[in-house]
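One letter stands for each residue in the lines below.
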Amino acid sequence: RALIASSIELAIPFLLIRANDWVNPVRNMALKALHRRIKAKDAAGFGNSLPLVDDLLDCKRHDHEELVTSIYELLGSGESDEHLLEGLRSGCRFTTRSCIRLATEFHRQQVCEFALSCNDDVTRLIAAKYLLDQSPPETAKQLAGQLLEDRFAEVRSEALRTMIRLDVSDLRELLVAA
């Protein structure tokens, strides 16, 4: 009850855990509190807890799809980009991967561009695939050239595939250099 009455964003992760509690009254109170908090002012709390939000989709005690979709829509709106960026800066691979997945799903271009500087290889790969697929050919060629310098082989491979798809004229030299 103290969590539900609390207005601080630090309560959100605990409410997300309680949203799948085996005790029905506890679960229902947590769900009501979370639904009430799906507002822009609480977006940071949800952004910091994105892996817990994702986990609700795997829970079987209750169907959390509506709640999770509402949270995703809140964080996917352009008004919440700062919270996705904060998640990408977190250093937690689960959070960064959740943030980049949302950014690609909601076409948050600037967030995806920032994700290319993340330490997590998988996050960079997801961002690279999205940006290479969504960019106009000239921009994609330029980005692919930059991504050939990435430390993760899969990102470099994605860049090379894009260059082949776009028929880059000096591809032979790039392949030798890579």
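Since the model is a prediction, treat every value here as computed from it, not as a measurement. (Residues numbered from 1 in each chain as written. Predicted model: local features only at pLDDT ≥ 70, side-chain atom pairs only at ≥ 80, totals over all residues. Heavy atoms only, no water.)

Sorry, what's going on with the overall build of the protein chain here?
Regarding its fold elements, the protein chain presents 13 helices and zero strands. Its helices and strands in sequence order give the protein chain the pattern α-α-α-α-α-α-α-α-α-α-α-α-α, from N to C terminus. Across the 178 residues of the protein chain, 44% fall into the buried class. A separation threshold of at least 6 residues defines the contact pool for the protein chain, and within that pool the share at least 24 residues apart is 57%. Carbon and sulfur atoms provide 52% of the accessible area of the protein chain, an area that totals close to 9,900 Å². (Helix = DSSP H or I, 4+ residues; strand = E, 2+ residues; numbered from the N terminus. Buried < 20%, exposed > 50% of the residue type's maximum accessible area, 1.4 Å probe, protein only. Contact = heavy atoms within 4.5 Å. Areas by Shrake-Rupley, 256 points an atom, 1.4 Å probe, with all protein chains shown as cover.)

Where do I start with the pattern of salt bridges in this structure?
Under the defined criterion, the tally for this structure stands at 12 salt bridges. The salt bridge involving Arg101 is made with Glu105; its shortest N-O contact spans 3.8 Å. Of this pair, Arg101 and Glu105 both sit in helix α8 (residues 93-105), separated by four residues, roughly a single helical turn. One continuous salt-bridge network, built from bridges that share partners, spans Asp121, Arg124, Asp150 and Arg151. (Salt bridge = Lys/Arg side-chain N within 4 Å of Asp/Glu carboxyl O.)

Any chance you could explain α8 here in plain terms?
Along an α-helix, residues three or four positions apart point the same way, because every turn accommodates 3.6 residues. Helix length check: α8 (13 residues) gives 18 Å between terminal C-alpha atoms against 18 Å at 1.5 Å per residue, within 8%. If you check which residues of α8 are buried, you get Thr95, Thr96, Ser98, Cys99, Ile100, Leu102, Ala103 and Thr104. His107 occupies a position one or two residues after α8 and carries a positive phi of about 55°. (Expected span 1.5 Å × (residues − 1).)

How do you make sense of the packing of helix α10 (residues 121-134) against helix α11 (residues 137-147) when you look at a structure like this?
Viewed as axis vectors pointing N to C, α10 and α11 meet at an angle of 155°, and their least axial separation amounts to 8 Å. As far as their axial angle goes, α11 and α10 are roughly antiparallel. As α10 packs across α11, the resulting crossing turns out to be left-handed. Residues Ala128, Leu131 and Leu132 of α10 lie in contact with α11, whose contacting residues are Ala140, Leu143, Ala144 and Leu147. Looking at the contact of α10 with α11 residue by residue, the classes come out as seven nonpolar, no polar and no charged. (Axes fitted to C-alpha atoms, helices over the stretch in contact; angles between N-to-C directions. Parallel < 35°, antiparallel > 145°, perpendicular 65-115°, else oblique. Left-handed = near helix turned anticlockwise from the far one by under 90°. Nonpolar A, V, L, I, M, F, W, Y, C, P; charged D, E, K, R; others polar.)

Got a minute to help me understand the side chain of Thr96 in this structure?
Within the secondary structure, Thr96 sits in helix α8. A distance of 3.1 Å separates a polar side-chain atom of Thr96 from the backbone oxygen of Arg93. (Polar contact = N/O pair within 3.5 Å; in protein donor to acceptor, adjacent residues only side chain to side chain.)

In this structure, what is going on with the nonpolar core? I would like to understand it.
Note on soluble globular proteins: their nonpolar side chains tend to be buried together. Core analysis: the biggest nonpolar cluster contains 45 residues, and Leu34, Phe46, Ile71, Leu75 and Leu88 have the highest contact counts within it. Excluding its chain neighbours within four sequence positions, the residues that come into contact with Ile71 are Leu16, Ile38, Phe46 and Val53. (Core = buried A, V, L, I, M, F, W, Y, C linked by side-chain atoms within 4.5 Å.)

What am I meant to see in the packing of α11 against helix α12 (residues 153-165) here?
At a minimum axis separation of 8 Å, α11 and α12 run at an interaxial angle of 145°. Crossing of α11 over α12 shows left-handed handedness. In contact with Ala140, Lys141, Ala144, Gly145 and Leu147 of α11, α12 contributes Val155, Arg156, Ala159, Thr162 and Met163. Classifying every residue of the contact of α11 with α12 gives six nonpolar, two polar and two charged.

Mind showing me how you'd approach the environment of Leu56 here?
With respect to the secondary-structure elements, Leu56 resides in helix α5 (residues 50-56). Judged by its relative accessible area of 3%, Leu56 falls in the buried class. Sequence separation between Leu56 and Val68 is 12 residues; the distance between their C-alpha atoms is 7.3 Å.

Interpretation in functional terms is not warranted from these geometric data alone.
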